[in-house]
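For reference, the chains in residue letters:
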Amino acid sequence: MGVYEIKKCPKCGKAYQFNRNGMGGYYGSPLVTCYHCGTVFIDTDVIELAIQGPRKADLRKFSPIWLIGVFMGALMIAISISSGEIDLNCIVGAIIAALCIAFIISEVKNHDKHLAELDKEMKASEARLSNKQYAETLKNAGYSVPEKYLI
Ligand SMILES: [Zn+2]
């Protein structure tokens, strides 16, 4: 089972299938050969990990958006308490804060697994780049490839 996205060849405009498996499809070889016209081009959504490094979002232990949720929830509780009565806002605030804390805990727990996946992607990227012909094709297609992969 895979997650696919339809993209278009920049040369001939015909559609091709993009596989979003693995880490959301962000890592892998950005090199695409069009089935229709044979053009070799760079998919700028894909990161050759050994060259560009991981996305910031993949290094975070958790998404900062949950902190905003915790803050909002706490604020709702504080406003409710300061008004002198425990009302619906207080309950809703508590639910929001609790949910966001649960998301933080689950993301922190998943972080190690995430780093292991990233490590696997890094090794695959280095393996691809150890092939000089691949590195040259990548460079010729317009990707910025460091010299060390071209000698
Ligand atoms: Zn094409």
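Remember, it's a predicted structure, so these values are computed and weren't measured experimentally. Within every chain, residues take consecutive numbers counted from 1 along the sequence as written. Where totals are concerned, whole chains, interfaces and linings use all residues; where local detail is concerned, this predicted model gives features only for residues with pLDDT of at least 70, and gives and counts side-chain atom pairs only at 80 or more.

### Regarding the overall build of the chain
Step number 1: When helices and strands are counted, the chain shows four helices and four strands.
Step number 2: Labels follow the DSSP assignment, with helices taken as runs of H or I lasting at least four residues and strands as runs of E lasting at least two, numbered in each case from the N terminus. The N-to-C order of helical and strand elements in the chain reads β-β-β-β-α-α-α-α.
Step number 3: C-alpha atoms define the radius of gyration in this analysis, and the globule rule sets the expected value at 2.2 Å times the number of residues to the power 0.38. By the compact-globule yardstick of 15 Å for 151 residues, the chain is too spread out, its C-alpha radius of gyration being 23 Å.
Step number 4: Expressed as a percentage of the 151 residues in the chain, the buried residues total 10%.
Step number 5: By sequence separation, contacts in the chain at least 24 residues apart represent 45% of the contacts at least 6 residues apart. Exposed residues have 12 or fewer other C-beta atoms within 10 Å of their own C-beta, buried residues have 20 or more, and partly exposed residues fall in between, where C-beta atoms are placed from the backbone. We call two residues in contact when their backbone-placed C-beta atoms lie within 7 Å.

### Focus: the nonpolar core
Step number 1: Leu129, Ala135, Leu138, Tyr143 and Tyr149 form the largest nonpolar core, which has five residues in total.
Step number 2: Filtering out sequence-adjacent residues up to four positions away, Tyr143 remains in contact with Pro30, Ile42, Glu48 and Leu138. Only buried Ala, Val, Leu, Ile, Met, Phe, Trp, Tyr and Cys residues enter a nonpolar core, and they are joined through C-beta atoms within 7 Å.

### Here we look at the packing of helix H2 (residues 65–82) against helix H3 (residues 88–129)
Step number 1: Inter-axis angles, ranging from 0 to 180 degrees, are taken between N-to-C directions of lines fitted to C-alpha atoms, where helices are fitted over the stretch in contact. In contact at an axis separation of 7 Å, H2 and H3 are set at 155° when each is read in the N-to-C sense. By the angle between their axes, H2 is roughly antiparallel relative to H3. The way H2 lies across H3 gives a crossing that is left-handed. Seen from H2, the contacting residues are Trp66, Gly69, Val70, Met72, Gly73, Ala74, Met76, Ile77, Ile79, Ser80 and Ile81; seen from H3, they are Asn89, Cys90, Val92, Gly93, Ala94, Ile96, Ala97, Cys100, Ile101, Phe103 and Ile104.
Step number 2: Residues are grouped as follows: nonpolar covers Ala, Val, Leu, Ile, Met, Phe, Trp, Tyr, Cys and Pro; charged covers Asp, Glu, Lys and Arg; every other residue, Gly included, is treated as polar. Partitioning the contact of H2 with H3 into residue classes produces 17 nonpolar, five polar and no charged. What sets the label is the angle itself: under 35 degrees gives roughly parallel, over 145 gives roughly antiparallel, 65 to 115 gives roughly perpendicular, and the rest give oblique. Handedness of each helix crossing follows the sense of rotation of the near helix against the far helix: counterclockwise by less than a right angle gives left-handed, clockwise gives right-handed.

### Things to note about the pairing of strand S1 (residues 4–8)
Step number 1: Little of S1 is tucked away, with zero of its five residues classed as buried.
Step number 2: By the convention used here, strands pair only if DSSP detects at least 2 bridges between them. Pairing between S1 and strand S2 (residues 15–19): five bridges, direction antiparallel. The residue of S2 that forms the bridge with Lys8 is Ala15.
Step number 3: Where S1 folds back onto S2 in an antiparallel hairpin, the turn is made up of six residues, including Gly13, whose phi is positive at roughly 75°.

### Quick look at the environment of Lys139
Step number 1: Along the polypeptide, Lys139 turns up in helix H4 (residues 132–140).
Step number 2: Residue classification places Lys139 among the partly exposed residues on the basis of 15 C-beta atoms within 10 Å.
Step number 3: Each C-alpha atom of the pair Lys139 and Leu150 lies 9.0 Å from the other, and the pair is eleven residues apart in sequence.
Step number 4: Not counting residues up to four positions away in its chain, the partners in contact with Lys139 are Val145 and Leu150.

### Considerations on the environment of Asn131
Step number 1: Looking at where Asn131 falls in the secondary structure, it is placed in the loop between H3 and H4.
Step number 2: With 12 C-beta atoms counted inside 10 Å, the residue Asn131 sits in the exposed group.
Step number 3: A C-alpha to C-alpha distance of 19 Å links Asn131 and Val46, two positions 85 residues apart in sequence.

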